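Analysis of the macromolecular model
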Amino acid sequence: MEKIRKAFGKIVSGVNYVGLAACFVMVFVVAIDVILRKVTGAKLSIKGSNEFSAYFLVVICLLAIPTFQIKKGHIWVNMFVDMFPPRMRTIWMAVIHVIELVVCALFTYGAVLKLQNFMSTGTTTDVLNMPKWPFALVCLIGFVELTILILMDTIQLFMDIKSAPKAAQPEELAEKAE
């Protein structure tokens, strides 16, 4: 499973360069817009720069989230989770991963529906009249990547549960105490 995850991680990291390029372009557009507004006293600005930034921020975020999943970017309340015995901790993490997997699968399904809707209706953005379907496609790619990664992590956690040491039974503890 680790080899498959590592290979898929390379694909996710490669796709993340699209998000990095979007970030690079967005920074320049926003910087030029702010400079124009400051120099001209808000008389001159780039039309639709706020809308452009908002849509590119979606691209950046949805392509970066799977990258964080590759790097085990979960945020846990360590004080709570680390108090569990190792086997229970693994079970708890597996339950959380199953919930995440279901939610991500629903997001992926929603992204498919949105992509179909935007492509069939020809929906465009309000100011710049950019078609919305490319952004829905990026969302779909990000959600598919994340769903696959969480699926792999969930499978790995269930494999870890089988191999984790079992907790000592009360009888065993009583024997050790004697």
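That block above? That's the structure.
This text gives an overview of the structure that appears in the document. Keep in mind that this is a model prediction, so the values were computed, not measured. (Residues numbered from 1 in each chain as written. Predicted model: local features only at pLDDT ≥ 70, side-chain atom pairs only at ≥ 80, totals over all residues. Heavy atoms only, no water.)

1. Topic: unusual backbone geometry
- Positioned with a positive phi, N129 is a non-glycine residue whose angle comes to about 55°.
- When you line up the elements, N129 lands in the loop between helix 4 (86-121) and helix 5 (133-163).
- You can call N129 exposed: its relative accessible area is 52%. (Helix = DSSP H or I, 4+ residues; strand = E, 2+ residues; numbered from the N terminus. Buried < 20%, exposed > 50% of the residue type's maximum accessible area, 1.4 Å probe, protein only.)

2. Remarks on helix 4
- Across its 36 residues, helix 4 extends 52 Å between first and last C-alpha, which sits within 8% of the 52 Å expected from 1.5 Å per residue.
- Every buried residue of helix 4 is accounted for by T90, A94, H97, L101, C104, T108, A111, L115 and F118.
- Looking at the buried positions of helix 4, the neighbouring elements they touch are helix 2 (49-70) and helix 5.
- Immediately beyond the C-terminal end of helix 4, within one or two residues, lies G122, with a positive phi of roughly 70°. (Expected span 1.5 Å × (residues − 1). Contact = heavy atoms within 4.5 Å.)

3. Examining the packing of aromatic side chains
- Overall, the coordinates contain 5 aromatic pairs when judged by the stated rule.
- Seen from their ring centres, F56 and F135 are 6.2 Å apart, and the 65° between their planes marks the pair as edge-to-face. Of this pair, F56 sits in helix 2 while F135 is found in helix 5, placing the two residues 79 residues apart along the sequence.
- Judged by relative accessible area, which is 17%, F56 ranks as buried.
- Accessibility expressed as a relative area gives 12% for F135, which makes it buried. (Phe/Tyr/Trp six-rings, centres within 6.5 Å; stacked < 30°, edge-to-face > 60°.)

4. Some details on the packing of helix 2 against helix 5
- Closest axis-to-axis distance for the helix 2/helix 5 pair is 9 Å, and the angle between their directions is 15°. Here helix 5 runs roughly parallel to helix 2, going by the angle between their axes. In this structure, the crossing between helix 2 and helix 5 has a hand that is left-handed. Every residue of helix 5 that contacts helix 2 at Y55, F56, V58, V59, L62, L63, I65, P66, Q69 and I70 is listed here: F135, V138, C139, I141, G142, F143, E145, L146, L149, I150 and D153.
- Per-class residue counts for the contact of helix 2 with helix 5 are 17 nonpolar, 2 polar and 2 charged. (Axes fitted to C-alpha atoms, helices over the stretch in contact; angles between N-to-C directions. Parallel < 35°, antiparallel > 145°, perpendicular 65-115°, else oblique. Left-handed = near helix turned anticlockwise from the far one by under 90°. Nonpolar A, V, L, I, M, F, W, Y, C, P; charged D, E, K, R; others polar.)

5. Quick word on the side chain of T125
- Here T125 shows up in the loop between helix 4 and helix 5.
- Here the side chain of T125 touches N129 through a polar contact of 3.2 Å, landing on its backbone nitrogen.
- With near-sequence residues (within four places) excluded, T125 lies in contact with E51, Y55, M130 and K132. (Polar contact = N/O pair within 3.5 Å; in protein donor to acceptor, adjacent residues only side chain to side chain.)

6. Topic: the environment of V58
- Relative to the helices and strands, V58 is located in helix 2.
- Placed 78 residues apart in sequence, V58 and A136 show a C-alpha to C-alpha distance of 9.5 Å.

What is shown is where atoms sit, not what they do.
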